[in-house]
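The residues making up each chain are set out below.
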Amino acid sequence: MTAAPRTVEPGHFRHALGQFATGVTVITTTTDAGPVGCTVSAFCSLSLDPPLVLACLGRDRSMHRALTSAPGFGVSILASDQGVLARDFARPADRFAGVAHSPGRYGPHLDGAIAHLDCAVHEIRDGGDHVIVLGLVDAVAVHAGEPLLYAQGAFLDLPGPDWERAAASAPQEWLLSAPW
């Protein structure tokens with residue numbers, strides 16, 4: 001006899017996942033009506049060969065609707081001093097009003113970000129109340145600065161990195177040697 005699957009209460013699930021610190025990005029694209037963008041913390045690398053990233057977007061969000069017909073999207077990985085910008089892109093409004101940005105291949109790049117990626121839409125998959133957008137990265141730019149981090153419903157103010165703690169000589173070595 002197998003046990004019935006348990007249902008996890010959504011608030012408790014959200015609280016548990018809030019313990020996991022993430023970086024903060026703004027995903028952008030350009031539509032016939034102009035640029036659109038939103039704050040996304042559910043973003044990560046997926047593959048080095050080919051270079052793929054994934055972003056999870058609420059199914060009911062305008063950004064999801066925009067990406068279903070867009071050829072691609074831009075990613076601005078936010079710097080530690082861009083918390084206000086992250087909040088602004090999480091709220092409904094004219095998100096680009098007064099925001100310094102430059103053109104990217106598929107969507108604007110926000111000035112001051114520590115990295116920019118241009119991604120062709122590779123695939124959009126079902127993810128429950130979200131969609132999982134896979135992007136094939138075709139351009140990157142990296143800039144100086146520290147990342148904006150988010151956990152437990154707040155932006156984190158951490159001391160600078162302690163590079164001596166890194167056990168591997170390169171980040172990919174650590175990932176490749178991980179037990180999973």
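Residues numbered from 1 in each chain as written. Predicted model: local features only at pLDDT ≥ 70, side-chain atom pairs only at ≥ 80, totals over all residues. Heavy atoms only, no water.

1. Here's the deal with the pairing of strand β3 (residues 34-40)
Thought 1: One ladder, built from seven bridges, connects strand β2 (residues 25-31) with β3; its direction is antiparallel. Each residue of the ladder has a partner; that of I27, found in β3, is C38.
Thought 2: Where β2 hands over to β3, the hairpin turn is made up of two residues, counted between the paired strands. (Pairing = 2+ DSSP bridges. Helix = DSSP H or I, 4+ residues; strand = E, 2+ residues; numbered from the N terminus.)

2. Considering the pattern of salt bridges
Thought 1: Using the criterion set out here, one finds five salt bridges in the structure.
Thought 2: Here R59 ties to D126 by a salt bridge, and the two come within 2.3 Å at their closest N and O atoms. Highlighted residues: R59 in the loop between β5 (52-58) and α2 (62-67) and D126 in strand β9 (residues 115-127), separated in sequence by 67 residues.
Thought 3: In this structure R59 comes out as partly exposed when scored by relative accessible area, which is 34%.
Thought 4: According to the relative accessible area criterion, D126 is exposed, its value standing at 59%.
Thought 5: A salt bridge links D60 to R61; its shortest N-O distance comes to 3.8 Å. (Salt bridge = Lys/Arg side-chain N within 4 Å of Asp/Glu carboxyl O. Buried < 20%, exposed > 50% of the residue type's maximum accessible area, 1.4 Å probe, protein only.)

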